[in-house]
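These are the residues of each chain, in order.
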Amino acid sequence: MSTTTYRLGVLQGDGIGPEIVPSSVEIATAAAQAAGASIDWVTLPLGAEAITSHGTPVPDETKDALADLDGWFLGPHDSVSYPEPHKSALNPSGTLRKHFQLFANIRPAKSFPGAKAVCDNADLVIVRENTEGFYADRNTFAGTGEFMPTPDTAIMLGIITREATERVARVAFDLARSRRKKLTIVHKANVLKLTTGLFRTVCQEVAQDYPDVQVDDFHIDAMTVHLVRRAQDFDVIVTENMFGDILSDLAGEISGSLGTAPSINASATTAMAQASHGSAPDIAGRDIANPVAMILSGAMLFQWLGAKHGDDALINTAQIIEQGVADTIAAGTSTRDLGGTATTTDFTAAVIKAIGSRQG
């Protein structure tokens, strides 16, 4: 049993966020109780509701409060529906990643027995550099990193630095060392010789400190084909920002559904749990959204916190959540995107029952 109470933020976000985030919190609470972990949940405003109440989607009071917490659950955002100037500004997720320098976006893709998967035995993790690369809005102190010198010309900044590449590479190599000791570097150094060439070179230099990890590399276009044809052959993949976003969405579909694709965004000191998918406003409020990605993102956060603090109760919490989800899907209870008929509420209740059954 843990003797520490961990304070975790809850930011529901937009669209299906107010459905899947409470689901993940409810399941995490049950798992933490079973594991003997103590959690204090702190709900904070973010997204469209925060624009109404605070005049901005990410209020300063939210950022200030998050700085004092151990981590947080972030729901999806629907920033394309925000009124200007918020629609054109950096979205809430990007704002928090940038503000807290959450440089490593870790996105697993693992096939579930009982779910519809293109590859039944995929089990890989994509480690995406999160602060620069070819997402221009991460590369500037202020503004979005895009500009138009004329109405007919648009320019974006794409930046790769040795420092950012090395720190994310070490996260990826440490992860590979704890798994199957295989790491793949994804780049486009045949064309983007200086930028992604630097990314590949720095990752290869870091590899010298991990002689026990097998390393290969592929161009981004070839990698999309390899993932579709033989996802089961890959373990840990490290790449820059935009490539990582594309590959992790593809990997999520290969392993069953984006609805099962979790992630965390981490620095050396804090982390946030965030599902890889978007806000799905077309199905919001209908109680049919798949909460698995958000639930498993929470499990990833507990695993990260447990490793950081050396707390077995948190690690056990993560394992209980993961097993509860796997047992529920394997038993035939799943949402529509996985071929089932369960509602969000039904699925949540089934996972909590599965957790209780194992503990009982």
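1. Describing the overall build of the protein chain
Step number 1: Within the protein chain, the regular secondary structure consists of 11 helices and 12 strands.
Step number 2: Considered along the principal axes of its C-alpha atoms, the protein chain spans approximately 60 × 50 × 40 Å.
Step number 3: The long-range share in the protein chain, meaning contacts at least 24 apart out of those at least 6 apart in sequence, stands at 74%.
Step number 4: Taken as a whole, the protein chain presents about 15100 Å² of accessible surface, with 52% of it coming from carbon and sulfur.
Step number 5: Between the centroid of the 28 positive side chains of the protein chain and the centroid of its 42 negative side chains there is a distance of 6 Å.

2. As for the layout of surface pockets
Step number 1: Taken as a whole, the largest pocket holds about 1100 Å³ of empty space.
Step number 2: Lining the largest pocket we find 33 residues, and of these Pro-108, Leu-175, Met-300, Gln-303 and Glu-322 sit closest to its centre.
Step number 3: Those elements giving two or more residues to the lining of the largest pocket turn out to be strand E4 (104–110), strand E5 (123–129), helix H5 (162–178), strand E11 (264–266), helix H9 (292–309) and helix H10 (312–330).
Step number 4: The leading source of residues in the lining of the largest pocket is H9, at six residues.
Step number 5: Classifying every residue of the lining of the largest pocket gives 21 nonpolar, seven polar and five charged.

3. Things to note about the pattern of salt bridges
Step number 1: According to the stated counting rule, one finds 14 salt bridges in the structure shown.
Step number 2: The salt bridge involving Asp-60 is made with Lys-63; its shortest N-O contact spans 3.6 Å. Placement of both Asp-60 and Lys-63 in helix H3 (residues 60–67) is noted, with a separation of three residues, approximately one turn of the helix.
Step number 3: For Asp-60, a relative accessible area of 56% gives the class exposed.
Step number 4: Across the pair Arg-107 and Asp-245 runs a salt bridge whose closest N-O atoms are separated by 3.2 Å. Of this pair, Arg-107 sits in strand E4 while Asp-245 sits in helix H8 (residues 241–254), placing them 138 residues apart in sequence.
Step number 5: Classification of Arg-107 as buried rests on a relative accessible area of 5%.

4. Description of the sheet that holds strand E9 (residues 214–219)
Step number 1: The strand order across the open sheet formed by 10 strands is E2-E1-E3-E12-E11-E4-E5-E10-E8-E9, and the pairing between neighbours is mixed. Looking along the sheet, the strands with just one partner apiece sit at the ends: strand E2 (38–43) and E9. In this sheet, neighbouring strand axes are inclined to one another by 25 degrees on average, regardless of whether the strands run parallel or antiparallel.
Step number 2: Taken together, the four bridges between E5 and strand E10 (residues 236–239) define a ladder with parallel strand orientation. In the strand pairing of E10, Val-127 is matched with Val-238.
Step number 3: Sitting on the sheet, helix H1 (residues 17–35) touches strand E1 (5–11), E2 and strand E3 (71–74), and the angle it makes with E2 is about 160 degrees.
Step number 4: Strands in contact with helix H4 (residues 92–99) are E1, E3, E4, E5, E11 and strand E12 (271–274); relative to E12, the strand with the most contacts, it is inclined by about 160 degrees.

5. Things to note about a nonpolar patch on the surface
Step number 1: Taken together, Phe-147, Ile-155, Leu-157 and Ile-159 make up a surface patch of nonpolar side chains, about 290 Å² in accessible area.
Step number 2: Note on placement: Ile-155 falls in strand E7 (residues 153–156).
Step number 3: Since its relative accessible area comes to 34%, Ile-155 is described here as partly exposed.

6. A closer look at the pairing of strand E8 (residues 182–187)
Step number 1: Among the six residues that make up E8, five are buried, leaving the element largely enclosed by the rest of the structure.
Step number 2: Alignment of E8 against E9, held across six bridges, turns out to be parallel. The residue of E9 that forms the bridge with Lys-182 is Gln-214.
Step number 3: A crossover connection joins E8 to the parallel E9 through helix H6 (residues 195–207); in handedness this β-α-β unit is right-handed.
Step number 4: Two strands pair when backbone bridges link them, and E8 and E10 are joined in this way by three bridges, in the parallel orientation. Across the sheet, residue Thr-184 finds its bridge partner in E10, namely Ile-237.

7. Comments concerning the pairing of E1
Step number 1: Within E1, five of the seven residues are buried, leaving the element largely enclosed by the surrounding structure.
Step number 2: By the bridge criterion, six bridges tie E1 to E2 in an arrangement that is parallel. Looking at the pairing, Val-10 lines up with Thr-43 of E2.
Step number 3: Following the backbone out of E1, through H1 and into the adjacent parallel E2, one traces a crossover that is right-handed.

8. Concerning the packing of H1 against H9
Step number 1: Running from N to C, H1 and H9 cross one another at 45 degrees; their axes reach a closest spacing of 8 Å. One element, H1, and the other, H9, form an angle in the oblique class. Relative to H9, the crossing made by H1 is right-handed. In contact with Ile-20, Val-21, Ser-23, Ser-24, Ile-27 and Ala-28 of H1, H9 contributes Met-294, Ile-295 and Phe-302.
Step number 2: Taken together, the residues of the contact of H1 with H9 break down into seven nonpolar, two polar and no charged.

9. Here we look at empty space enclosed by the protein
Step number 1: The final tally for this structure, using the stated rule, is one cavity of 30 Å³ or more.
Step number 2: Taken as a whole, the largest cavity holds about 30 Å³ of empty space.
Step number 3: For the largest cavity, the full set of lining residues is Arg-97, Lys-98, Gln-101, Asn-130, Thr-131 and Arg-138.

Reading the values: rules and limits
- Residues numbered from 1 in each chain as written.
- Predicted model: local features only at pLDDT ≥ 70, side-chain atom pairs only at ≥ 80, totals over all residues.
- Heavy atoms only, no water.
- Helix = DSSP H or I, 4+ residues; strand = E, 2+ residues; numbered from the N terminus.
- Contact = heavy atoms within 4.5 Å.
- Areas by Shrake-Rupley, 256 points an atom, 1.4 Å probe, with all protein chains shown as cover.
- Lys, Arg positive; Asp, Glu negative; His and termini not counted.
- Charge placed at Lys NZ, Arg CZ, Asp CG, Glu CD.
- 1 Å grid on protein atoms, 1.4 Å probe; cavity = no way out; pocket = protein on both sides within 12 Å on 5 of 7 lines; lining within 4 Å.
- Points joined across faces, edges and corners; volume = space filled by probe spheres on them.
- Nonpolar A, V, L, I, M, F, W, Y, C, P; charged D, E, K, R; others polar.
- Salt bridge = Lys/Arg side-chain N within 4 Å of Asp/Glu carboxyl O.
- Buried < 20%, exposed > 50% of the residue type's maximum accessible area, 1.4 Å probe, protein only.
- Pairing = 2+ DSSP bridges.
- Axes fitted to C-alpha atoms, helices over the stretch in contact; angles between N-to-C directions.
- Patch = residues over 30% accessible without salt bridge, like charges linked within 9 Å, V, L, I, M, F, W, Y side chains within 5 Å.
- Right-handed = clockwise from strand over helix to strand, strands pointing away.
- Parallel < 35°, antiparallel > 145°, perpendicular 65-115°, else oblique.
- Left-handed = near helix turned anticlockwise from the far one by under 90°.

Without other data, these values stay purely geometric and don't point to any function.
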